[in-house]
Structures are given as C-alpha cells and as structure tokens.
Amino acid sequence: MECQGQSIDTHSFDHRPYELPIHRTHMRRINHHCDTINRSNLTRRLGWRNADSKRKYHFLRADRLLLAATIVTCLTLSGLSVHYSRTLSMKNNETVNERKKSTDLSAHALNSTSVFIRVNNGTSKSLVTMGKSGKYDNDRVYCMIPFIWNKEIYDVIMQTWGRKCDVINFFSDSIVGGQLEGDKITQTEHGYKPYWEYPQDAFPKNVIFINMTRTWNDCPEERDRRTGQMTKKVCRHIWEKMWRSWVYVQEHHLDKAEWFCKVDYDTFFFPDNLKYFVRDQKNWDPYNEHHYFGHWEAHRLEWREPMIVGATACFSRKTLNAIADVYKNMPMGSKRGERGHCEDRAEASEEVTTSLCLKKHLNIDAEPARDDQLREYITIDKINMVLSWNRKEQGEWWFWKGKPQGAGEEEECCAHRPIGLHKYKKPQEIQMLENQFFGDVKGPDYKRLDARTKRYVDKVRKAMGIGS
C-alpha cells in the first residue's frame, strides 16, 4: 500500500507473516498513520519551500543591502571628493592670493622709492619711502645718460637719483681710458683702448657703448690759460653721441617708457617730479602728442629755433619715435661749420641741432618746463647761484632773452618740485645733493647750506613730502 507516494507495510500493523484481508479497524489505523505521514511529508515539503524562500529572501535582502551599501559608499566617496576638491580649490585660491599678494607687495616695493643717505662709515640708512601713485603707471621715465665711462660717476648716480628712474642706461663712447676730471682728461698708465678689449664683465650691464665715427680722445692738447701747461680736453662729439644713442633707444627700448630724458652726468635729476609735471600739471599724452621740453632758451639769432638747454631734455614716446627716424636719414654734414641744416656734423651743438631737426622735419617746437607761477623746473647752473639771479639788475642777457615778463627770479626762480639741477661735476657733489634733499636735516651736508639755499631746499622737501 502506498500513502502519498510511500509504500506502507501492512504487516507491521498485525505482526503477521502472511497476508490476510485487512480489517476496518486496521484500515482506520492505516489511514490514520497515512494521514500522519502525509501531514509530515507536507510539513517537510512546506519547510523545504519555506527554507528555499527564506534563503532566497535572505539572498535578495543581502543583494539589496549590498546595493544600498554600494550606493551609500559611492555617495560618501563623491561627497568626500567634492569636499577635498573644494578644500584643494580653497588652498589653491589661498596660494594664488598669497602669490598675488606677494607679487603686489613686490610690485609695490619696485614702484616705491627708498631714499638713502650715506653716513660716515660708508653704510646707507633708509629714511623715507616715496611710493609711486598708480596714476603714474603710464608715465614711466627712461633716463639716458651720455658720458665717457667713469666708474665713480656711474656709482654715485646709481646710488642716488638713478635708482628712481624706471629705466636707466649710460651711453658711452667705445674708447675707454684716462681719468675724467670735469672737461679734462688725465691719461692713466693703462692708456686708451676700445671696450671690447676689456674682460666681458668689466662694465655694468646698463652701460651701452656706441660705435662712433669720431672719438672723444682725438682732440689736440691745448695750453691752459691759468697754468700755462698743455692739457688734453675732451672732444665729446656730443651731437653724434646723442643722435646715435636715441636711435639705439628707439630700436631697442621704445616700449620701456613713455617719457625719454637725456640727463647730463653732472645733473641731479628728480624722476618723480618729472612725472608730477607731465601728469599733474600738464596732463600730456605721451602716445598721441608730440612733446619736447626742458629749460627753454632763445637762440642768439632771431631767426633760429628756440631750444632746450642744460641739465635735461625730454621727449614723449611719439616724438622720440619720429625724430629717431629723421636721425637715421640725416646726411653727413659740412666741415665748414654751422649752416642751419639737420645733419651729422663734427662739433655740432646738441641743443641747437636737436631743435633744428625737430622743427624742420616734424614741426615740433621746444616747450618750457615752468610751473603756474613761471618758475623753472630745470636749472642751467647750481641752485645756489640761480637763486641770486635778478632780471632787473642783470639786464636782458641770454638767460632772460625771450622769457615772459614775470618769469621767476631770485628765491622764486625755481619750482618747488624741481626736475633737474645742473653743473655738479664731482661725484661728491651729487651725493651731497642727495643728502640735502632727502637726508637727515641733522646731517653735515644739510647744515652746510647757506640760508637762502636752505630755504629753497626746505620748500622742496615739503612739496615732496620728505620728513626731517
């Protein structure tokens, strides 16, 4: 007998070895037993199914938990990525800001002028810093110094007013040698030789040698009227040096500045005051306007052009660019002397020929550098001398010729923010002026001033904001 697919041994109920017809009681017992077995099998099968369901449920739940964990992990990593990205970005921004701040500070340091005085032990002491205002950013000054190589002069200029130029270059003849003393040369034991025969690092990088057709040391000796001795003077051939230097600047440095000034080596120059003049007083445009300015003087001949003389003469960038092209095409000049032509001529005057070339070729006139009270920004002599000049007492000599009535004289001769003071040929004189205008008022150079010059120096210091 089978019950739910299972075979049932009926003999187990009667314990009989032979087969007999099944009694009803026995059948009930068998059926009861079969039901028990069926229930057991059903329970077992349901248990298997429940176990399978449970296993599937647990696996599904595990999969879902794993998926959820993966999603959470991804979101966490994404959040961390964003966090670190922002952190790195903030750090980078901080770094950029720090670098920018550092750059701004460096630029501020470069755009500020530290004023020094030399004390007895040869050291320098910083007294005041004159910051350059942002309004002067487009008024950079190029200082071009024509000279004959002289280390003492070079050093004192670079230690004083030369540091305040935006660009400064010294233009020298190609022949080097001798000792320059004013306009006289004392030959040294080394003699004269071209600069290229010296070691490569013998001269500073901002000394530019101009190969000229005429040399400064080819003048014959002359007898000194006071001593009666034969002396060798300097043949500066300044005109050739000037025009060749300006051509060099135009071809190599035109983008370095807006205002280009020739500054004589015996001049004490104030670059910051030049910026004040062109921007605050004149408001000139160096890119679109022609300007040629300085100390204005009339030519001794009525029909000749007025000119800029002495200490310094300045061009706007537009003017320099134009006049350099004129210089490149100049003819060789006459050997018979001045004839009123724009030409490369031996012994030609720099001031006269510059104004001539500008007027004849570009129709540019010389402009005076004077303030609203007609006081001069640039002197042609030492300041203590000019402070005593009186037009009424002196009469109309060449200095006063052509100047307007009411032009400054005596203690009101000169602007309180001077651009250039002339005729200081010794290095110690340049250093002395640095100390007087920018140094300690308790120092020996300041105390050396006479009363009239001291009053003028005090006005200048006040106008420039120089403390005591």
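From a predicted model like this one, the values you see are computed outputs, not experimental measurements. (Residues numbered from 1 in each chain as written. Predicted model: local features only at pLDDT ≥ 70, side-chain atom pairs only at ≥ 80, totals over all residues. Heavy atoms only, no water.)

When you tally the buried positions in strand β14 (residues 259–263), you get five out of five residues, the bulk of the element. The pairing of strand β5 (residues 141–147) with β14 spans four bridges and is classified as parallel. The residue of β14 that forms the bridge with Tyr142 is Phe260. As paired elements, β14 and strand β17 (residues 307–316) share five bridges and run antiparallel to each other. Residue pairing in the sheet places Cys261 in a bridge with Cys314 of β17. (Buried < 20%, exposed > 50% of the residue type's maximum accessible area, 1.4 Å probe, protein only. Helix = DSSP H or I, 4+ residues; strand = E, 2+ residues; numbered from the N terminus. Pairing = 2+ DSSP bridges.)

Given a rise of 1.5 Å per residue, 16 residues ought to cover 22 Å, and the 21 Å separating the end C-alpha atoms of helix α4 (residues 238–253) matches this to within 8%. Among the residues of α4, those classed as buried are Trp239, Glu240, Lys241, Met242, Trp243, Ser245, Trp246, Val247, Val249, Gln250 and His253. (Expected span 1.5 Å × (residues − 1).)

Okay, the environment of Tyr195 next. Take Tyr195: it is sitting in the loop between β10 (192–194) and β11 (207–210). In the structure, Tyr195 is positioned 14 residues away from Phe209 in sequence and 7.7 Å away in space, judged by C-alpha atoms.

Confidence in the prediction for the chain averages 78 pLDDT; 66% of positions are at 70 or higher. Counting interchain partners and residues more than four positions distant, the pLDDT-below-50 stretch residues 51–59 has zero contacts. When the criterion is pLDDT under 50, residues 82–133 qualifies, and its contacts beyond four places in sequence or with other chains add up to 53 contacts. (pLDDT = per-residue confidence, 0-100. Contact = heavy atoms within 4.5 Å.)

Another point: the nonpolar core. Counting 61 residues, the largest nonpolar core has Ile145, Trp161, Phe269 and Leu274 as its most contacted members. Excluding residues that lie within four positions of it along the chain, Phe269 makes contacts with Val141, Cys143, Trp161, Cys165, Cys261, Val263, Leu274, Thr312, Ile419 and Gly420. Formed by 33 residues, the second largest nonpolar core is a distinct cluster that contains Met212, Leu254, Ala313 and Ala366. (Core = buried A, V, L, I, M, F, W, Y, C linked by side-chain atoms within 4.5 Å.)

Turning next to the sheet that holds strand β16 (residues 292–297). Here seven strands make up an open sheet; going across it, the order is β11-β6-β5-β14-β17-β16-β18 and the pairing mixed. A single partner strand is all that each edge strand has here, and the edge strands are β11 and β18 (367–368). On the sheet, α4 packs against β5, β6 (167–173), β11, β14 and β17 and is oriented at approximately 145° with respect to β5. (Axes fitted to C-alpha atoms, helices over the stretch in contact; angles between N-to-C directions.)

This part takes up the packing of aromatic side chains. Where two aromatic rings form a pair, the distance of their centres and the angle of their planes describe that pair. Summed over the entire model, instances satisfying the criterion amount to 30 aromatic pairs. Pairing Phe399 with Trp400 gives two aromatic rings, centres 4.9 Å apart and planes at 85°, and the pair type is edge-to-face. This pair shows no difference in class: Phe399 is buried, exactly as Trp400 is. Three or more aromatic residues link up through ring pairs in this structure, and these residues are Phe147, Trp149, Tyr154, Phe170, Tyr195, Trp196, Tyr198, Phe203 and Phe209. It is Lys164 that lies over the ring of Phe438; its NZ or CZ is 3.5 Å from the centre. Over the ring of Tyr276 we find Arg417, and its NZ or CZ is 4.3 Å from the ring centre. (Phe/Tyr/Trp six-rings, centres within 6.5 Å; stacked < 30°, edge-to-face > 60°. Lys NZ or Arg CZ within 6 Å of the ring centre and 35° of its normal.)

Going through the model one piece at a time under the given rule, you end up with 29 salt bridges. The partner of Glu305 in a salt bridge is Arg304, with the nearest N and O atoms 3.4 Å apart. For Asp371, the salt bridge identified is with Arg375, shortest N-O distance 2.7 Å. Its relative accessible area of 9% is what places Asp371 among the buried residues. (Salt bridge = Lys/Arg side-chain N within 4 Å of Asp/Glu carboxyl O.)

Quick look at unusual backbone geometry now. With phi around 65°, Glu347 is a residue other than glycine that occupies positive phi space. Relative to the helices and strands, Glu347 is located in the loop between α6 (317–328) and α7 (350–362). Look at Glu347 and you get exposed, because its relative accessible area is 72%. The backbone of Lys423 sits at a positive phi, close to 75°, despite the residue not being glycine. Along the polypeptide, Lys423 turns up in the loop between β19 (420–421) and α10 (427–438).

What follows deals with the state of the cysteines. As enumerated under the stated definition, the model contains three disulfides in all. Across the disulfide, Cys342 is cross-linked to Cys357 (sulfur-sulfur distance 2.0 Å). With the S-S bond torsion at 105°, the cross-link from Cys342 to Cys357 turns out right-handed. Of this pair, Cys342 sits in the loop between α6 and α7 while Cys357 sits in helix α7, and the two are 15 residues apart along the sequence. For Cys357, a relative accessible area of 0% gives the class buried. (Disulfide = S-S within 2.5 Å.)

In terms of burial, β5 is a largely internal element, seven of the seven residues being buried. A two-sided burial pattern is seen for β5, the buried positions comprising Val141, Cys143, Ile145 and Phe147 on one face and Tyr142, Met144 and Pro146 on the other. What joins β5 to β6 is helix α3 (residues 151–159), and the crossover it makes is right-handed. (Right-handed = clockwise from strand over helix to strand, strands pointing away.)

Looking now at α3. Among all positions of α3, only Ile153, Tyr154, Val156 and Ile157 are buried. Here α3 starts with a cap whose side-chain oxygen sits 3.1 Å from the backbone nitrogen of Glu152, and that cap is Asn150. (Polar contact = N/O pair within 3.5 Å; in protein donor to acceptor, adjacent residues only side chain to side chain.)

Before going further, it helps to spend a moment on the side chain of Thr379. Relative to the elements of secondary structure, Thr379 occurs in the loop between β18 and α8 (383–386). A relative accessible area of 2% means that Thr379 is categorised as buried. Among the polar contacts made by the side chain of Thr379, one reaches the main-chain amide nitrogen of His422 at a distance of 3.2 Å. Beyond its immediate sequence surroundings of up to four residues, Thr379 is in contact with His295, Ala311, Val386, Cys414, Gly420, Leu421 and His422.

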